[in-house]
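# Structural overview for review
Here's the letter readout for the chains.
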Amino acid sequence: MANREYTLVILKPDCIVKSLTGNIISRLSEARLRIVGSKVVRVSRELAEKHYAHLKEKPFFNDLFDYFSGKIYGEDYERVLVFVYEGEDAIGRVRRIAGATNPFEADPTTIRGAYGRINQKGVMENVIHSSDSPESAEKEIKNWFKPDEIVEDIYPTKKVKLDGSEARVWAE
Ligand code: IDP
Ligand code: MG
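The sections below set out a description of the structure shown in this document. The structure displayed is predicted, hence computed values, not measured ones.

Looking now at the overall build of the chain. When helices and strands are counted, the chain shows seven helices and eight strands. Over its C-alpha atoms the chain spans a radius of gyration of 16 Å, differing by no more than 12% from the 16 Å that the globule rule assigns to 172 residues. For the chain, the spread of C-alpha atoms along the three principal axes comes to 50 × 35 × 30 Å. The buried share of the chain, reckoned over its 172 residues, is 47%. Restricting the contact set of the chain to residue pairs at least 6 apart, pairs at least 24 apart contribute 66%. Total accessible area computed for the chain in this model is approximately 9300 Å², and 48% of it derives from carbon and sulfur atoms. Within the chain, one finds 27 positive and 28 negative side-chain charges whose respective centroids are separated by 1 Å.

So, on to the sheet that holds strand β6 (residues 128-130). The four strands are arranged β2-β3-β1-β6 in an open sheet whose pairing can be described as antiparallel. Across the chains shown, the open sheet's two edge strands, defined by having one partner strand only, are β2 (34-41) and β6. In this sheet, adjacent strand axes meet at a mean angle of 20° when their direction is disregarded. Summarising the sheet, β2 and strand β3 (residues 80-88) pair through seven bridges and their orientation is antiparallel. Bridging across to β3, S38 finds its partner in F83. The sheet contacts of helix α7 (residues 134-144) involve β1 (4-11), β2, β3 and β6, and relative to β1 the element is tilted by about 55°.

Quick look at the nonpolar core now. Core analysis: the biggest nonpolar cluster contains 27 residues, and L8, V82, V84, I141, W144 and I150 have the highest contact counts within it. At the level of elements, β1, β2, α3 (45-51), α4 (61-68), β3 and α7 are the ones that each hand at least two residues to this core. For this core, the leading source of residues is α4, giving five residues. If we skip the residues at most four places from it in the chain, V84 touches Y6, T7, L8, R34, I35, V36, G37, I141, F145 and I150. By size, the runner-up hydrophobic cluster in this structure holds 17 residues, among which are L11, L20, I97 and A98.

We now examine the pattern of salt bridges. Applying the stated rule across the entire model yields 14 salt bridges. For E78, the salt bridge is made with R42, and the minimal N-O distance between the two is 3.7 Å. A residue pair is termed long-range when its members are at least 10 positions apart, and E78 in the loop between α4 and β3 and R42 in the loop between β2 and α3 qualify at 36 residues. Classification of R42 as partly exposed rests on a relative accessible area of 49%. When the shortest N-O distance is used, the salt bridge between R117 and E125 registers 3.0 Å. With a relative accessible area of 1%, E125 lands in the buried category. Bridged by salt links that share partners, the residues R4, R34, E86 and E152 form one connected network.

Quick notes on the rules
Residues numbered from 1 in each chain as written. Chains lettered and ligands numbered in written order. Predicted model: local features only at pLDDT ≥ 70, side-chain atom pairs only at ≥ 80, totals over all residues. Heavy atoms only, no water. Helix = DSSP H or I, 4+ residues; strand = E, 2+ residues; numbered from the N terminus. Rg over C-alpha atoms; globule rule 2.2 N^0.38 Å. Buried < 20%, exposed > 50% of the residue type's maximum accessible area, 1.4 Å probe, protein only. Contact = heavy atoms within 4.5 Å. Areas by Shrake-Rupley, 256 points an atom, 1.4 Å probe, with all protein chains shown as cover. Lys, Arg positive; Asp, Glu negative; His and termini not counted. Charge placed at Lys NZ, Arg CZ, Asp CG, Glu CD. Pairing = 2+ DSSP bridges. Axes fitted to C-alpha atoms, helices over the stretch in contact; angles between N-to-C directions. Core = buried A, V, L, I, M, F, W, Y, C linked by side-chain atoms within 4.5 Å. Salt bridge = Lys/Arg side-chain N within 4 Å of Asp/Glu carboxyl O.

Written out as structure tokens, the structure reads:
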């Protein structure tokens, strides 16, 4: 494959609240990419701050966290679905299907253009996250997944002793 890439995709809590999960996964499957990891995650403050490190100092970060963690929708929706997709030009392909960050500026045929909104707190509820470069994809995938949760060897790993047994972790 000429330009094999990995990308982290998150179906955010608004995707789950609006029952869009199946729909979005179908849209992504049209891109002919392969899922190499997936799980459902309850987003902690620590994980959100790592994931959105570039936004941590913004005045809207608290409201962004309440949205991204699902807190604003109630306990039943405090979760996200996380995927690692792999394939040719995976990052650009998913970003194009997702659309622009601001749902009101996104092309209406994209996921964010069709299903996103800006809430009363001014937070862009835009249904889906996807990595924007190979560097951020690697960082994000390592934040969200352990090596053994991905079915291919995508980044270097090392073995460490943990409670007397061996575990595989990301090398750096
Ligand atoms: P991206 O999701 O298109 O990569 P980022 O700039 O990385 O865009 O922002 C991450 C998320 O933070 C956005 O998807 C959106 O939910 C939220 N966000 C970003 N900028 C703003 C803003 O100016 N106001 C409100 N929410 C924002
Ligand atoms: Mg981003």
